[in-house]
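# Coordinate inspection notes
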Amino acid sequence: MALQYHHLKDATAKQLTALLCLFLALPVTTVAQARVQKNKAVETQTRDHQRSVHTILSQHLDDSSKTQVMVLATPHLRILKDCFKPSATDSLLSALRRYRPQLIGIESIPPEEIDAMVKKGGDNAIIVDAFAGKHTSYAAVTQKLIGRSATEAKTEADSILQWSLPTDASTRLNLIVHLLAANDYYSALLQWSYLPQDARTHNNTLPDSISRQMNEALLSPNEIHSLAIVLAKTLRLQRLFSIDDHYDDLMLLPVNETLSEEISKHPLYQEIAQSTLYTNQEAMLRRACQDGNLLPHYKYLNSPEYLLMDVDTQWSFFLRTKLPSGLDRYRLTLWEVRNLNIASNIRKATATHNGGRMLVIIGASHKPFLDNYLNQMGDIKLVNVDELLRNINSSK
């Protein structure tokens, strides 16, 4: 019996061991599978959630009826003053005319935002002086001429543009004065371009100094003067939409010196500062200017390859530096905030033009961020500017 007992004991032990192994092994696999399934479920839910807003809204509109937005990445043409000729943009403008935008957005602070920042003063005034100094200096002069505030001038200008478009130089000059008083400098400059030459040279409405400076502005290389205004005039548009934002610059003012010092000492800084992506880009721009045709450069600047390399080089940098102060990530955060605000301003502009077409002309670094944000909106269809430009013969 003792022997049988030991056999039974051994058999039971083996069975228990087997069962224990099975017990221990199975839950590990089951838990792992459960985790995988749970993660997949979470990913699916996240993906479905991310798709839901855009999908739910966009399913009610076909692409042809959505509000179209095209974001054109541009270099800052002011650096080309030594070689720029207006004809250098002819091929590019020909391509943009095919799109036939009904609204044109430009990289300038919205007039009402300028007025609000002026009233706040402090650091806001510093930002306004840096990025809208001309706007406010002309506004101060013209507000005195008409005896109206910026808000009152805007109301009058909006009324004129909505109900009684100018048909002669006198009424157009009145509109220009009100636009200037409202801090809407670039819309005023567009209206100025419609005036006959003699009215731009001699008029009793504006001081000679302002008239002279506006004439000079129309001839100076600048993506707003050389592209937006020329295109808007060709299409008989009556105003430009300022969609820029400088919240990042405002918030960086108190820490800018510290951030600059920390970044400049970082080993990665020279890598970015000497990046061939930017040195080659500027060389290409100057070569295109000397050749008298900027279209090839705009094709390159708006290509997915360049835009993604720009994000990886310029903005990933602030996640790679790992500054103890955290100011690198703060800088990137503010850049994202700025572009979110710009996207919001674009959407505001399209709010009264649903189903229309808007062109946004803006610095190249903004484009990939704006495309990403705008592409999430249910009633927005992004127009592929890269495809539009590639289909235009650069030799034209």
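Residues numbered from 1 in each chain as written. Predicted model: local features only at pLDDT ≥ 70, side-chain atom pairs only at ≥ 80, totals over all residues. Heavy atoms only, no water.

Right, let's talk about the overall build of the protein for a bit. Check the secondary structure of the protein and you find 20 helices and five strands. The buried share among the 396 residues of the protein stands at 44%. Here the contacts in the protein between residues at least 6 apart in sequence split such that 81% fall between residues at least 24 apart. Counting every atom, the protein has about 21,200 Å² of accessible surface; 55% of that belongs to carbon and sulfur. (Helix = DSSP H or I, 4+ residues; strand = E, 2+ residues; numbered from the N terminus. Buried < 20%, exposed > 50% of the residue type's maximum accessible area, 1.4 Å probe, protein only. Contact = heavy atoms within 4.5 Å. Areas by Shrake-Rupley, 256 points an atom, 1.4 Å probe, with all protein chains shown as cover.)

Next up on the list: a nonpolar patch on the surface. Side chains of Val-53, Ile-56 and Leu-57 sit close together on the surface and give an oily, nonpolar patch of about 270 Å² of accessible area. Turning to its location among the elements, Leu-57 is positioned in helix H1 (residues 2-58). (Patch = residues over 30% accessible without salt bridge, like charges linked within 9 Å, V, L, I, M, F, W, Y side chains within 5 Å. Salt bridge = Lys/Arg side-chain N within 4 Å of Asp/Glu carboxyl O.)

Let us look at the packing of helix H12 (residues 256-264) against helix H18 (residues 327-350). Running from N to C, H12 and H18 point in directions that differ by 115 degrees, and their axes come no closer than 10 Å. For H12 against H18, the interelement crossing comes out left-handed. The residues of H18 that touch H12, namely those facing Thr-258, Leu-259 and Glu-262, are Leu-327, Asp-328 and Arg-331. Along the lines of polarity and charge, the residues of the contact of H12 with H18 split into two nonpolar, one polar and three charged. (Axes fitted to C-alpha atoms, helices over the stretch in contact; angles between N-to-C directions. Left-handed = near helix turned anticlockwise from the far one by under 90°. Nonpolar A, V, L, I, M, F, W, Y, C, P; charged D, E, K, R; others polar.)

With parallel pairing, five strands are arranged side by side in an open sheet as E3-E2-E4-E1-E5. If you trace the sheet from one side to the other, it starts and ends with strand E3 (241-242) and strand E5 (380-382), each paired once. Bridge analysis of strand E1 (residues 67-74) against strand E4 (residues 357-363) gives seven bridges, and the strand direction is parallel. Bridge assignment links Ala-73 to a residue of E4, and that residue is Ile-362. Along the sheet face, H18 touches E1, strand E2 (103-106), E3, E4 and E5 and points at about 155 degrees away from the line of E4. (Pairing = 2+ DSSP bridges.)

This part is about the state of the cysteines. Going through the model one piece at a time under the given rule, you end up with one disulfide. Through a disulfide, Cys-83 is tied to Cys-289; the S-S separation comes to 2.1 Å. Residues Cys-83 and Cys-289 are joined through a disulfide that is right-handed, its torsion about the S-S bond being 125 degrees. You can see Cys-83 sitting in the loop between E1 and helix H2 (90-99) and its partner Cys-289 sitting in helix H14 (residues 276-291), a full 206 residues away along the chain. Each of the two residues, Cys-83 as well as Cys-289, counts as buried. (Disulfide = S-S within 2.5 Å.)

Within the largest apolar cluster, 58 residues are counted, with the highest numbers of intra-cluster contacts made by Met-214, Leu-240 and Leu-294. The element that contributes the greatest number of residues to this core is helix H7 (residues 185-194), accounting for seven residues. With near-sequence residues (within four places) excluded, Met-214 lies in contact with Tyr-138, Ile-176, Leu-180, Tyr-185, Ala-188, Leu-189, Trp-192 and Leu-206. One finds Val-71, Trp-315, Leu-323 and Leu-332 within the second-largest nonpolar core, a separate group that totals 29 residues. (Core = buried A, V, L, I, M, F, W, Y, C linked by side-chain atoms within 4.5 Å.)

The next point concerns the confidence of the model for the protein. Per-residue confidence for the protein gives a mean pLDDT of 88, with 86% of residues at or over 70. Contacts of residues 1-14 to residues separated by more than four positions or lying in other chains number zero contacts, the stretch itself having pLDDT below 50. Contacts of residues 16-32 to residues separated by more than four positions or lying in other chains number one contact, the stretch itself having pLDDT below 50. (pLDDT = per-residue confidence, 0-100.)

Turning to the layout of surface pockets, a few remarks are in order. In this structure, the second largest pocket encloses a volume near 800 Å³. In this structure, the second largest pocket is lined by 33 residues; those nearest its centre are Lys-154, Arg-239, Leu-240, Phe-241 and Ala-349. Mapped onto the lining of the second largest pocket, the elements with two or more residues apiece are helix H3 (111-120), helix H5 (150-163), E3 and H18. Classifying every residue of the lining of the second largest pocket gives 14 nonpolar, nine polar and ten charged. (1 Å grid on protein atoms, 1.4 Å probe; cavity = no way out; pocket = protein on both sides within 12 Å on 5 of 7 lines; lining within 4 Å. Points joined across faces, edges and corners; volume = space filled by probe spheres on them.)

What follows concerns the packing of aromatic side chains. Per the stated rule, a full pass over the model turns up eight aromatic pairs. Relative to Tyr-306, the ring of Tyr-300 lies with its centre 5.1 Å away and its plane at 55 degrees, an arrangement referred to as tilted. Judged by relative accessible area, which is 23%, Tyr-300 ranks as partly exposed. When its relative accessible area of 3% is taken as the criterion, Tyr-306 is described as buried. Ring centres of Phe-317 and Phe-318 lie 5.2 Å apart, and the angle between their planes is 75 degrees; this geometry places the pair in the edge-to-face category. Pair check on accessibility: Phe-317 and Phe-318 agree, each one buried. Among the aromatic residues, those joined into a cluster by ring pairs are Trp-315, Phe-317, Phe-318, Trp-335 and Phe-369. (Phe/Tyr/Trp six-rings, centres within 6.5 Å; stacked < 30°, edge-to-face > 60°.)

Let's shift gears to helix H10 (residues 223-234). With twelve residues, H10 should reach 16 Å at 1.5 Å per residue; the first-to-last C-alpha distance of 16 Å fits that figure. Among the twelve residues in H10, nine count as buried, and that is most of the element. Every buried residue of H10 is accounted for by Glu-223, Ile-224, His-225, Ser-226, Leu-227, Ala-228, Ile-229, Leu-231 and Ala-232. Taken from the residues just after H10, Arg-236 is the one with a positive phi, measuring 60 degrees. (Expected span 1.5 Å × (residues − 1).)

A word on the environment of Arg-287. If you trace the backbone, Arg-287 turns up in helix H14. Residue classification places Arg-287 among the partly exposed residues on the basis of a relative accessible area of 47%. Residues Arg-287 and Cys-83, 204 residues apart in the sequence, show an inter-C-alpha distance of 9.7 Å.

Mapped onto the elements of the fold, Leu-227 is located in helix H10. The exposure class of Leu-227 is buried, given its relative accessible area of 0%. Placed 138 residues apart in sequence, Leu-227 and Thr-89 show a C-alpha to C-alpha distance of 7.4 Å. In contact with Leu-227, other than residues within four places in its own chain, are Leu-72, Thr-74, Thr-89, Leu-92, Leu-93, Asn-222, Tyr-298 and Ile-361.

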